[in-house]
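# Architecture and fold: a report
Okay, here's what each chain looks like letter by letter:
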Amino acid sequence: SRPGLWVTANLYLPVEPRVPKMPGFVIVHSHHRPRTQAELQDMGILWARAGCAVLIMDQIGHGERIVTSPWNRDPYHARYMTGMQMYLAGESLLKWMVWDIMRGIDLLLERQDVDPRQIILLGSVAAGGEPAAVTAALDPRVAAVAPFNFNDVNPGWGEWESTRCLR
């Protein structure tokens, strides 16, 4: 997505496309688990069988892009630490995540079988909604977005989560 910054991903495609141009999904996972989580694979397989191209990328600090020790639920801590380090450098973790998602959209649109008018983002729970929503607000190529569990209903909770406490 940037020089020297690789993004690992799974791309799910239909075995036999039903139409010449199919919708393209980008699923923005939560910070519980990486792209290899079973429910994410299930969504990729399900929508590919329905005739869609589905891209699920590892977010920064997850899966093959982990920046700390791969302990259970460690992406919570990795996201916090990475976000704080980026703030010190005048950057934003959310900005970098949105940039990655936009590059994922680029990848889908390079395919001749993806309809550029049908790019859909799905932001999954626990911090997948914020990057999906912000990407959709900034990128006119996104036709639809479902950013569920966006932010928090309890004011003041989640200050440690840099993608939820937007500056």
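Quick note: structure is the one above.
A few points on the structure. (Residues numbered from 1 in each chain as written. Predicted model: local features only at pLDDT ≥ 70, side-chain atom pairs only at ≥ 80, totals over all residues. Heavy atoms only, no water.)

### A look at the pattern of salt bridges
Any two side chains of opposite charge can pair, on the condition that their charged atoms come close. Here the structure, examined in full by the defined rule, presents 7 salt bridges. Notably, a salt bridge pairs D139 with R141, separated by 2.7 Å at the nearest N-O pair. Classification of D139 as buried rests on a relative accessible area of 5%. Within the structure, one salt-bridge network assembled from shared partners comprises R103, D106, D139 and R141. (Salt bridge = Lys/Arg side-chain N within 4 Å of Asp/Glu carboxyl O. Buried < 20%, exposed > 50% of the residue type's maximum accessible area, 1.4 Å probe, protein only.)

### Notes on the pairing of strand β4 (residues 114-123)
Direction of pairing for strand β2 (residues 22-28) relative to β4: parallel, over a ladder of 6 bridges. Looking at the pairing, F25 lines up with I120 of β4. Pairing geometry for β4 and strand β5 (residues 142-147), over 5 bridges, is parallel. Looking at β5, one finds that L122 is bridged to A146. (Pairing = 2+ DSSP bridges. Helix = DSSP H or I, 4+ residues; strand = E, 2+ residues; numbered from the N terminus.)

### Overview of a nonpolar patch on the surface
Residues L11, L13 and L107 make up a contiguous nonpolar surface patch of about 220 Å² in total accessible area. Look at L11 and you get partly exposed, because its relative accessible area is 35%. (Patch = residues over 30% accessible without salt bridge, like charges linked within 9 Å, V, L, I, M, F, W, Y side chains within 5 Å. Areas by Shrake-Rupley, 256 points an atom, 1.4 Å probe, with all protein chains shown as cover.)

### Let's talk about helix α1 (residues 38-49)
Its 12 residues give α1 an end-to-end C-alpha distance of 16 Å, which sits within 8% of 16 Å, the value for a rise of 1.5 Å per residue. Those residues of α1 not exposed but buried are L40, G44 and A48. Taken around the axis of α1, the buried residues stretch over an arc of 65°, which confines them to a single face. Exposed positions of α1 whose direction lies more than 90 degrees from the buried face are L46 and R49. (Expected span 1.5 Å × (residues − 1). Arc of directions from axis to C-beta.)

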